[in-house]
Each structure stands twice: as C-alpha cells, then as structure tokens.
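Chain by chain, the residues:
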Amino acid sequence: MNPSAAWLKASVLAAVGMPVLLFLAVATSSFFRRPWPERWVGALTQAGLLASLGALLWALFMLAATGWTPAVLSLGGGWVTGGTFAFDFLIDGWSLGFAILSVAICGVVSSFSFRYLHLEPGFHRYFILLIAFVVGILLVSLAGSIEVLCAGWEILGLSSALLVAFFHERPAPVANGFRVLAFYRIGDACMLSAAVLLHHWGGNGSLSMLFSGAEGISRLGAEHAGIIAALLIAAAAAKSALLPFSTWLPRAMEGPTPSSAVYYGALSIHAGCFLLLRASPLLQHSP
C-alpha cells in the first residue's frame, strides 16, 4: 500500500472512530448516573466533531493526491462461515463530500444546542442522540458494503425517532415518535430485503458491485437488479418522507428545535436522496 492510500484509510478510520468513542464516553457516564457537567459535554462534542471534520478533509486531500481513485477500506470479512459479510468503507468524492457536509452541519448544530438546551433536564440525552446520529450518517455516507449501510440506516432512524419523542413527559411527542418509527420500519424492511437479496443473488454485499451499472446488472441479472433497485427506492422514499410516506414529516416538529436542522431540515431526510444518487448507475440500467 502506498503512503497516500495508507493515510487516506487512516483518516477515514479516525473520522468514524472519533464520534464512536465520544458516544461511548458520554453514554457510559450517563448510564452509571455520573453525567459530566454540561460544559464538558459541549466542549468534548465540539472538539470531537471538529477532529472528525479535520480527518475527513485530510482524507479528501489524500484522495486528490491519489488522482481521485476510489478506494475500499475493508475492516475484515469472515464474520460468518464463507466470509460473505464484510465491514467495508467506499472512499470516493461522493462519500467524502456528503460526510464532510454532514459533520460540518452537526458541528454547528451542537454549538447552538449547547446554548439552547442549557439546564434542560434531557441535556445529556440529547447530546447522546446527536452523537449517535453523527455515527449513523457517517456510516451511510461511507458505506462500502450493504452491512455498513444497513447499520448506519438503523442508527440514523432510531436516533431520529428518539429526537422526535425527546419531550417524553408529553403524550403527543411520544405518539409522534412511534409514528415516525413505524414509517421508518417500512423503509428498513425494504433495505433489509435488498441486503438479503443482494447476498443471495450477488454472492456478497459489495456496494461497488451494486452501483456499477451495467456491470453490476450483468452479475445480478436484469430482473434481480430491478427488484433490488425498487426496494432501494422504497427505502429512500420512507426515509425522505416522499409519497406515500410523507405524513410523518409534520409530526417530526415535536422534537427540540436544534434537532430539526439535522433531522427533517438537512441530513436525515436527505439520506434517502443520497442513497439514490449513489445508486443512480443501477437505476439507469435496471428495467
């Protein structure tokens, strides 16, 4: 592996690992009823997201140094017999671009949230959900295998629904959070079905194969590729509140005001659009 490629992969691992470690630290302290002071949580969250953003920008620079050649970072397969499950990141201009945008927006929102939710009883819970949201959006952005995409998709949906139900002392936010989660379950079922069928028909969960257009269709078969494409469209529609799944969107406004910027205002609702953008070669060549 040449030095540029090694630095590229190390930067991506650092960008994803920082929010994961931040989530574990903040969640563990709250779980044992020893929550950190608000200023610690705010400062650590902003520092962690800034470090993640810096690592992503460095990865983009390294990708440019390698001539914008896409790279796959594999963290190991063989989780089950046969090695068909893998934890892969697909590193290219699209994935890094959306990841950089996502972390930058979440960093700005976290700075505003620290002031907006000052002395709010659910302050620590909010930041735990916000950090989990960052982990989910990074996995969706950088997914190189269907397993990573499904994991990020689930984390994104669960954290978003819990943000809607944040003010759980009132019945309306809880009911609306359940409604959002119910619609998300439909999209999640379609995503899981696409993952199972991709493994069954394609032999592995590689997204680079799935999104390679005519080449991917030749490996999957036209009918199989069309079915997977339809399932991805349904999953994206449920996540992005497109018809006929749009009725949950007005109910999402029960959550805290800052969460709207990362939820139905900017990132979560556009994760489906990003998925369709990534899958555009498959969509263009499918029946």
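Everything that follows concerns the structure shown earlier in this document.
Predicted model, so just to flag it, every value in this text is computed and none were measured.

Undergrad: Would you mind going over the overall build of the protein in detail, with residue names and values included?
TA: When its secondary structure is counted, the protein shows 12 helices and two strands. A compact globule built from 287 residues should have a C-alpha radius of gyration of about 19 Å, and the protein, at 19 Å, falls within 12% of that. With respect to the three principal axes, the spread of C-alpha positions in the protein is 55 × 45 × 35 Å. Counting only residues that meet the buried cut, the protein has 50% of its 287 residues in that class. In the protein, the proportion of contacts linking residues at least 24 apart, taken out of those at least 6 apart, comes to 73%. For the protein, the accessible surface area stands at approximately 12600 Å², while carbon and sulfur atoms represent 70% of it. Seen as two clouds, the 13 positive and the 11 negative side-chain charges of the protein have centres 9 Å apart.

Undergrad: Help me get a handle on the packing of helix H9 (residues 222-239) against helix H11 (residues 268-278), residues and values and all.
TA: Viewed as axis vectors pointing N to C, H9 and H11 meet at an angle of 160°, and their least axial separation amounts to 7 Å. The angle between the axes of H9 and H11 places the two elements in the roughly antiparallel class. In terms of crossing hand, the pair formed by H9 and H11 is left-handed. Contacts between H9 and H11 involve Leu232, Ile233, Ala236 and Lys239 from the first element and Ser268, Ile269, Ala271, Gly272, Leu275 and Leu276 from the second. Residue composition of the contact of H9 with H11, by class: seven nonpolar, two polar and one charged.

Undergrad: Tell me about the packing of helix H6 (residues 171-202) against H9, residues and numbers included.
TA: In a packed pair of helices, the relevant descriptors are the angle between the two axes and the axis-to-axis distance. With their axes 8 Å apart at the nearest point, H6 and H9 run at an angle of 155° to one another. Of the possible angle classes, the one that applies to H6 and H9 is roughly antiparallel. As for how H6 packs across H9, the hand of that crossing is left-handed. Judged by residue contacts, Phe183, Tyr184, Gly187, Cys190, Met191, Ser193, Ala194, Leu197, Leu198 and Trp201 of H6 engage His224, Ile227, Ile228, Leu231, Leu232, Ala234, Ala235, Ala238 and Lys239 from H9. Of the residues assigned to the contact of H6 with H9, the class counts are 15 nonpolar, three polar and one charged.

Undergrad: Describe the pattern of salt bridges, and please don't skip the residues or the numbers.
TA: Opposite charge on two side chains makes pairing possible when the charged atoms of those side chains draw close. Enumeration according to the criterion identifies three salt bridges in this entry. One salt bridge in this structure joins aspartate 92 and arginine 278, with 3.0 Å as the shortest N-O distance. Of this pair, aspartate 92 sits in the loop between strand E2 (88-91) and helix H3 (93-116) while arginine 278 is found in helix H11, placing the two residues 186 residues apart along the sequence. The same class applies to aspartate 92 and to arginine 278, which are both buried. Residues arginine 185 and aspartate 188 are paired through a salt bridge, measuring 2.5 Å at the closest nitrogen-oxygen approach. You can see arginine 185 and its partner aspartate 188 sitting in helix H6, three residues apart, about one turn around the helix. Classification of arginine 185 as partly exposed rests on a relative accessible area of 41%. Connected through shared salt-bridge partners, Glu154, Arg185 and Asp188 make up one network.

Undergrad: So what about empty space enclosed by the protein? Which residues, and what values?
TA: Summed over the entire model, instances satisfying the criterion amount to one cavity of 30 Å³ or more. Within this model, the largest cavity holds a volume of roughly 70 Å³. Lining of the largest cavity is provided by Leu90, Val140, Ser141, Ala143, Leu149, Leu207, Phe211, Phe274, Leu275 and Arg278. Counting residues per element, the ones that place at least two in the lining of the largest cavity are helix H4 (123-142) and H11. Counting residues per element, the lining of the largest cavity draws most heavily on H11, at three residues.

Thresholds, definitions, all that
Residues numbered from 1 in each chain as written. Predicted model: local features only at pLDDT ≥ 70, side-chain atom pairs only at ≥ 80, totals over all residues. Heavy atoms only, no water. Helix = DSSP H or I, 4+ residues; strand = E, 2+ residues; numbered from the N terminus. Rg over C-alpha atoms; globule rule 2.2 N^0.38 Å. Buried < 20%, exposed > 50% of the residue type's maximum accessible area, 1.4 Å probe, protein only. Contact = heavy atoms within 4.5 Å. Areas by Shrake-Rupley, 256 points an atom, 1.4 Å probe, with all protein chains shown as cover. Lys, Arg positive; Asp, Glu negative; His and termini not counted. Charge placed at Lys NZ, Arg CZ, Asp CG, Glu CD. Axes fitted to C-alpha atoms, helices over the stretch in contact; angles between N-to-C directions. Parallel < 35°, antiparallel > 145°, perpendicular 65-115°, else oblique. Left-handed = near helix turned anticlockwise from the far one by under 90°. Nonpolar A, V, L, I, M, F, W, Y, C, P; charged D, E, K, R; others polar. Salt bridge = Lys/Arg side-chain N within 4 Å of Asp/Glu carboxyl O. 1 Å grid on protein atoms, 1.4 Å probe; cavity = no way out; pocket = protein on both sides within 12 Å on 5 of 7 lines; lining within 4 Å. Points joined across faces, edges and corners; volume = space filled by probe spheres on them.

Shape descriptors only; they carry no functional weight alone.
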